[in-house]
Amino acid sequence: MDGKTLAAKWHEVALSSDPAAVGAMLHDDAVFESPVVHTPQRGKAMTTAYLTSAGNVLGNDSFEYVGEWYAENSCVLEFRLELDGIAINGVDMITCNDDGQITHFKVMVRPLKAINLVHQKMGEMLEKMKRG
């Protein structure tokens, strides 16, 4: 799958916070790399949880993708938003297999103040999601 098609598919579900829609895009062995968790999170269930939580936390009215770069089976999507008065800038680096399933999703965020806020909010959201 070309990167532009991958990006378009991701845009359809990125902020939906819908675990079924997000999970449908993921390979069973997908890996998620967070800017705030040291070790890669492995597997469809874990990756779905992190991406769904991110949609809940970051998906406000100020969120927008502001740049996109494409390669075969991958794309890099730059985003920005404001959360609790903090300007956040980051990139999603997404890789898929030939069937279009996401196999690797890495997020980078800046500046440090933003990383700290995202860490706090994501932890709260993941805990809330566990409790149902």
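Rules of the game
- The residue numbering used here restarts from 1 in each chain and proceeds along that chain's sequence as written.
- Confidence filtering applies because this is a predicted model: local features only for residues at pLDDT of at least 70, side-chain atom pairs given and counted only at 80 or more, and all residues used for totals across whole chains, interfaces and linings.
- As a rule here, side-chain values come from all non-hydrogen atoms in the structure, and water together with hydrogens is ignored.
- Helix and strand definitions follow DSSP, with helices as H or I runs of at least four residues and strands as E runs of at least two, each counted in order from the N terminus.
- Radius of gyration here uses only the C-alpha atoms, and the compact-globule reference equals 2.2 Å multiplied by the residue count raised to the power 0.38.
- Only protein chains enter the accessibility calculation, which uses a 1.4 Å probe; a residue is then buried when its area is under 20% of its type maximum, exposed when over 50%, and partly exposed in between.
- For the area figures, the Shrake-Rupley method with a 1.4 Å probe applies, and any residue is considered shielded solely by the protein chains shown.
- Here, nonpolar core refers to any group of buried Ala, Val, Leu, Ile, Met, Phe, Trp, Tyr and Cys residues whose side-chain atoms link them within 4.5 Å.
- Basic side-chain nitrogens of Lys or Arg form a salt bridge, by our definition, when they fall within 4 Å of a carboxyl oxygen of Asp or Glu.
- In this analysis, strands are considered paired if DSSP registers two or more bridges between them.
- Two residues qualify as a contact provided that any one of their heavy atoms is within 4.5 Å of a heavy atom in the partner residue.
- To obtain each axis, a line is fitted to C-alpha atoms, and for helices this fit is confined to the stretch in contact; angles are then taken between N-to-C directions over 0 to 180 degrees.
- Note on scores: pLDDT gives the predictor's confidence for each residue, bounded by 0 and 100.
- By definition here, a helix of n residues has an expected span of 1.5 Å times n minus one.
- As used here, the arc belongs to the directions running from the helix axis to the C-beta atoms.
- Each polar contact in these results corresponds to two N or O atoms within 3.5 Å; when the atoms are within protein, one needs to be able to donate a hydrogen and the other to accept it, and residues that are neighboring in sequence are counted only if both atoms are side-chain atoms.

1. Concerning the overall build of the protein chain
- A tally of helices and strands in the protein chain yields 4 helices and 6 strands.
- A compact globule built from 132 residues would reach a C-alpha radius of gyration of about 14 Å, and the protein chain, at 14 Å, matches this within 12%.
- Dimensions along the principal axes, computed over C-alpha positions, put the protein chain at roughly 40 × 35 × 25 Å.
- When burial is assessed residue by residue, the protein chain has 41% of its 132 residues classed as buried.
- Carbon and sulfur atoms form 51% of the exposed surface of the protein chain, whose accessible area is close to 7000 Å².

2. Details of the nonpolar core
- Counting residues in hydrophobic clusters, the biggest one holds 35 residues, and the most contacted among them are W10, I88, I94, I102 and F105.
- Going through the elements one at a time, α1 (3–13), β1 (26–33), α3 (44–58), β4 (74–83), β5 (86–96), β6 (102–110) and α4 (112–131) are the ones with two or more residues in this core.

3. Concerning the pattern of salt bridges
- Counted by the stated rule, this structure contains 3 salt bridges.
- In this structure, the salt-bridge partner of E64 is R80, at a minimum N-O distance of 2.8 Å. Placement of the pair is E64 in strand β3 (residues 64–71) and R80 in strand β4, with a sequence separation of 16 residues.
- With a shortest N-O distance of 2.9 Å, K121 and D84 are connected by a salt bridge.

4. Considering the sheet that holds β6
- Ordered by their spatial adjacency, 6 strands build an open sheet running β2-β1-β6-β5-β4-β3, and the pairing between neighbours is mixed. Pairing within the sheet leaves two strands with one partner each, and these edge strands are β2 (41–42) and β3.
- The strands that α3 touches are β1, β2, β4 and β6; relative to β1, the one it contacts most, it runs at about 55 degrees.
- Packed onto the sheet, α4 meets β4, β5 and β6 and runs at close to 70 degrees relative to β5.

5. Some thoughts on the confidence of the model for the protein chain
- Looking at the protein chain, the pLDDT average stands at 94 and 99% of residues meet or exceed 70.
- The spread of mean pLDDT over the elements of the protein chain runs between α4, the lowest at 87, and β1, the highest at 98.

6. Quick word on the pairing of β1
- The sheet contact formed by β1 and β6 spans 4 bridges and is parallel. The residue of β6 that forms the bridge with E33 is K106.
- Two elements, β1 and β2, share 2 bridges in a ladder whose sense is antiparallel. Each bridged residue has a counterpart across the sheet, and for F32 the counterpart in β2 is Q41.

7. A look at α3
- Taking 1.5 Å per residue, 15 residues should reach 21 Å; α3 reaches 21 Å between its end C-alpha atoms and fits that length.
- Within α3 the residues assigned to the buried category are T47, T48, Y50, L51, T52, S53, A54, G55, V57 and L58.

8. Quick look at α1
- Buried residues of α1: G3, L6, A7, W10 and V13, and no others. Take α1 and look down its axis: the buried residues cluster within an arc of 125 degrees, on one side only. Opposite the buried face of α1, by more than 90 degrees, sit the exposed residues K4 and E12.
- If you follow the buried residues of α1, they end up packed against α2 (19–24), α3, β3, β4, β5 and β6.
- N-cap assignment for α1: the residue whose side-chain oxygen lies 3.1 Å from the backbone N of K4 is D2.

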